[in-house]
Amino acid sequence: MTTQTVVPPTAEQRQSPTPPKRRSLIPDLHERPEFALVPLVFVVVIAAWEFIPGWLGVDEFVLPRPSQIVEIFFQQLGEAAFWHNLWVTVQEAGLGFVIAVVVAVLIGTAVAQITLLERTVLPYIVAFQSVPKVALAPMFVVWFGFGLASKIVMATIIAFFPILINVIAGLKSADNDKIEMLTSFGASRFQVFRMARFPSALPYIFAGLQSGVVFSILGAIVGEYIGAQEGLGYQLMQANYRFDIPAMFAVLIVLSIMGMIAHGVVKLCQRKFVFWSGDESKRGT
């Protein structure tokens, strides 16, 4: 029987670290199939929209082709009025979102901390949320005028509720064992809030912010639709009066891009400030 001699590694081999695995710039489609499916679905839908209505005899006045919409879209990008209207809507949605965040966090924190306040105030907030906001828009125009103020109020109200609910749910999701441990060590109520309740609430709060930032754009457009003299909602309404369907679709594309960018910014902030939370199932809606 022959014996195999095992040669021990040299000192250089023992000291040389294993080279790190280089990260490929091309995503693995087996692990992330959405990188292929998302553009594929987009191409299929656009191709079907471009050709099938014509084959079925649908008039282009009723349903314009994507190529027409893209042409109008780039025409709008070259108009100064479009950029002015875009800036107006961005201001309305942005200010409304910021106000909604501040008010929702303050009220949500108070409601989550004080049981009597939750039982007293929260039913009225839920009842107010049940009121159709479109019905309130004309009153806001009468109270605050046709300027930015009425649109900011509308954006604030529509974005407020989802943020509030997530703030309350997040603050109530704190680990009771951790709270009891901090209390037993003499932590004050503010220290318990800072060390236990607020970190637990951050994933929920950012989930509410993702919904709220999109709703703020919706609120601004609703306010502009009811009564405005500028903004993308006003531009959309003017195109509707002219029966200019491609121009309406072009504005809707802009609004979709705005929503995606705003949602992406909130998502990036979430990854930066809540990097330690990887459990998506515990986040609010």
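This text goes with the structure placed above it.
Position labels on residues start from 1 in each chain and follow its written sequence. A pLDDT threshold of at least 70 governs which residues receive local features in this predicted model, and a stricter bar of 80 or more applies before side-chain atom pairs are shown or counted, although totals over entire chains, interfaces and linings include all residues. Side-chain numbers here rest on the full set of heavy atoms in the structure, without hydrogens or water.

Novice: Give me the lowdown on unusual backbone geometry, citing residues and values where you can.
Specialist: A positive phi angle, near 55°, is found at Phe243, a position not held by glycine. Position of Phe243 among the secondary structure elements: in the loop between helix H10 (232-241) and helix H11 (245-273). Here's how the labels work: a residue is buried when its accessible area is under 20% of the maximum for its type, exposed when over 50%, partly exposed in between, all with a 1.4 Å probe on protein chains only. What makes Phe243 exposed here is its relative accessible area of 55%. In DSSP terms, a helix is any run of H or I states spanning at least four residues, a strand is any run of E spanning at least two, and both are numbered starting from the N terminus.

Novice: Requested: an account of helix H3 (residues 66-77), with residues and values cited.
Specialist: A helix's residues, less one, multiplied by 1.5 Å, set its expected span. Given a rise of 1.5 Å per residue, 12 residues ought to cover 16 Å, and the 17 Å separating the end C-alpha atoms of H3 matches this to within 8%. When H3 is considered as a whole, its buried residues turn out to be Pro66, Ile69, Phe73 and Gln76. End-on, the buried residues of H3 take up no more than an arc of 80°, which puts them together on one face. Directions pointing from the helix axis toward each C-beta atom define the arc.

Novice: If you had to explain the nonpolar core to someone new, which residues and values would you point to?
Specialist: Ile163, Leu209, Leu232 and Leu255 are the most contacted members of the largest nonpolar core, which totals 44 residues. Listing elements by their share of this core, those giving two or more residues are helix H4 (80-113), helix H5 (115-129), helix H7 (148-172), helix H9 (189-226), H10 and H11. Each residue touching Leu232, except ones within four places of it in the same chain, is listed here: Phe82, Asn85, Leu86, Thr89, Ile221, Glu224, Val251, Val254, Leu255 and Met258. In this text, buried Ala, Val, Leu, Ile, Met, Phe, Trp, Tyr and Cys residues form a nonpolar core when linked through side-chain atoms within 4.5 Å. Judged by nonpolar contacts, the second largest core, of 7 residues, contains Ala137, Met154, Ile157 and Ile158. Residue contacts follow a heavy-atom distance rule, with two residues in contact if any of their heavy atoms lie within 4.5 Å.

Novice: Which residues make up the packing of aromatic side chains, and what values go with them?
Specialist: Any two of the Phe, Tyr and Trp rings considered here, Trp counted by its six-membered ring, make a pair once their centres fall within 6.5 Å; the pair's planes then place it as stacked at under 30 degrees, edge-to-face at over 60, or tilted in between. With the rule as written, the count across this model stands at 5 aromatic pairs. Judged by centre distance (5.2 Å) and plane angle (70°), the ring pair of Phe82 and Trp83 falls under edge-to-face. By relative accessible area, Trp83 is classed as partly exposed at 45%. Judged by centre distance (6.0 Å) and plane angle (55°), the rings of Phe140 and Trp143 are tilted. Here the residue Phe140 and the residue Trp143 both occupy positions in helix H6 (residues 133-144), the gap between them amounting to 3 residues, near one helical turn. Residue class for Phe140 comes out buried when judged on its relative accessible area of 7%.

Novice: Residue-level account of the side chain of Glu92, with values.
Specialist: Following the sequence through the fold, Glu92 ends up in helix H4. Positive residues here are Lys and Arg, negative ones are Asp and Glu, while His and the chain termini are left out of the count. Here, a salt bridge means any side-chain nitrogen of Lys or Arg that lies within 4 Å of a carboxyl oxygen of Asp or Glu. Buried Glu92, no salt bridge; nearest opposite-charge side chain is Lys151, N-O distance 5.2 Å. Apart from residues no more than four positions distant in its own chain, Glu92 is found in contact with Leu148, Lys151, Ile152, Ala155, Ala220 and Glu224.

Novice: Tell me about the environment of Lys178, and name the residues and values.
Specialist: Within the element layout of this structure, Lys178 appears in helix H8 (residues 176-184). According to the relative accessible area criterion, Lys178 is partly exposed, its value standing at 38%. Spatially, the C-alpha atoms of Lys178 and Met195 are 9.1 Å apart, while their sequence positions differ by 17 residues. Each residue touching Lys178, except ones within four places of it in the same chain, is listed here: Met195 and Ala196.

Novice: Hey, could you go over the environment of Lys267 for me, with residue numbers and the actual values?
Specialist: Position of Lys267 relative to the elements: it lies in helix H11. C-alpha separation for the pair Lys267 and Ala207, spaced 60 residues apart in sequence, amounts to 8.8 Å.

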